[in-house]
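# Analysis of the macromolecular model
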Amino acid sequence: MSYQVGIIGAGPSGYTAAIYASRANLNTVLFTGLEPGGQLMLTSDVENWPGEEHGILGPELMAKLRTQAGRFGAEIKELSVTAVDLISHPKKLTLSNGTVAECESVIIATGASAKWLDVHGEAKLRGRGVSACATCDGFFFKGKNVAVVGGGDSAMEEANFLTKFASSVTVIHRSAEFKASKIMLTRAQNNPKISFKMNAKVVEVLGEDRVTGLKIENLIDQTSADLPFDGLFVAIGHFPNSAIFANQLTVDRKGYITVLTGTTQTNIPGVFAAGDVVDHLYRQAVTAAGTGCIAALEAERWISHGA
Ligand code: NDP
């Protein structure tokens, strides 16, 4: 298997890169990995994707992007990349079926994964009251009582954002110290809709079809209580899916791939990175799609002039 552009990852970034690369007539392959569609497969309505004026379901949006990429000839393979040799030319991607794909250029769009609490009921109720993205799902909690778990900037930001919709937001944090910056914390503390439950841990998400409450353990006296909530937002951080590249590409201390500012170029010529595996700040479908587009344009330029 030999390609001009090999794309790793099937979120908005990877699919957009595939649309642009294949439409530029480059021989393009996209390896979806184990979770085609990425984080958007976990969301219900996406209401901030430009052009979808009535909103669109996350999985439906991803299916459309996939069809659109295929329309211009990108090969989409439901395989994972298990190892890479990005230094050689062409670059070599070892696949989960044991074969190797050779690619002139590689676009890494493997995204990031939200960290979850890993407690009983959480996985079952994801998308049904359990979320890791207030921007995506906050709107559905108008007039409801929700909880946010975490003590960092993400938790404070999510909590503040949720007060636009929810009637109350309870921040549940496992210690009495916050990682959040002073300004973000103070903003949350001054928000009359936000209350704090410190030294507390969610040990179970309650509900059959939807979240109805949380079992919360008091970490000081080890007592636990079932409290009613309509939603749970987990904001305990994300991790970039960069492990298989980290021995060849420059990554920051949290594992996000480092690119030349204003570009998608990594430290290895011909290797580009886009979307949430690079971006820990904005993490939006549309920003991921934007950098996927840039990566394809840069790969095209590199193949024409730099390879
Ligand atoms: P952080 O790592 O900063 O904070 C994670 C929080 O989650 C900590 O309070 C941690 O608790 C808690 N936590 C971790 N694991 C668990 C668990 N299993 N159960 C319960 N609680 C848990 O992550 P963030 O996502 O908040 O922030 C990441 C980076 O992004 C930071 O650099 C932040 O500044 C930045 N950011 C900036 C924003 C902005 O400026 N607008 C907005 C959002 C993020 P503990 O403290 O006990 O370890």
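Residues numbered from 1 in each chain as written. Predicted model: local features only at pLDDT ≥ 70, side-chain atom pairs only at ≥ 80, totals over all residues. Heavy atoms only, no water.

### Side note on the sheet that holds strand β14 (residues 200-206)
The criterion, for reference: At least two DSSP bridges between two strands are required for those strands to pair. Strands here mean DSSP runs of E at least two residues long; helices mean DSSP runs of H or I at least four residues long; both are numbered from the N terminus. Note on geometry: axes are C-alpha line fits, over the in-contact stretch for helices, and angles between N-to-C directions span 0 to 180 degrees.
Strand order in this open sheet of three strands is β14-β15-β16, and the pairing throughout is antiparallel. Each end of this open sheet is capped by a strand with a single partner; those strands are β14 and β16 (224-228). On average, each strand axis in the sheet is tilted by 30° relative to the strand beside it, whichever way the strands run. As defined by bridge partners, strand β15 (residues 213-218) adjoins β16 across five bridges and the pair is classed as antiparallel. For E217, the partnering residue across the bridge sits in β16 and is S224.

### Notes on the nonpolar core
To keep things clear, this is the line we draw: In these notes, a set of buried Ala, Val, Leu, Ile, Met, Phe, Trp, Tyr and Cys residues joined through side-chain atoms within 4.5 Å is what counts as a nonpolar core. Throughout this description, buried means an accessible area under 20% of the type-specific maximum (1.4 Å probe, protein chains only), exposed means over 50%, and partly exposed covers the range between. By definition, residues are in contact when any of their heavy atoms lie within 4.5 Å.
The biggest cluster of nonpolar side chains holds 29 residues, and the ones touching the most others in it are V5, I7, W49, L61, L65 and I107. Elements that contribute at least two residues to this core include exactly β1 (2-8), α1 (12-23), α2 (58-71) and α6 (285-306). Contacts of W49, omitting those with residues within four sequence positions, involve P12, L61, L65, A285, V286 and A289.

### Remarks on the state of the cysteines
For clarity, the cut-off: Note that a disulfide, as used here, is simply two cysteine sulfur atoms within 2.5 Å.
Per the counting criterion, the structure on display carries one disulfide. Bridging C133 to C136, the disulfide has an S-S length of 2.0 Å. Between C133 and C136, the S-S dihedral sits near 80°, and the bridge is therefore right-handed. Of all cysteine sulfurs in the structure, the one in C103 sits closest to C293, which takes part in no disulfide; the separation is 20 Å. When its relative accessible area of 16% is taken as the criterion, C293 is described as buried.

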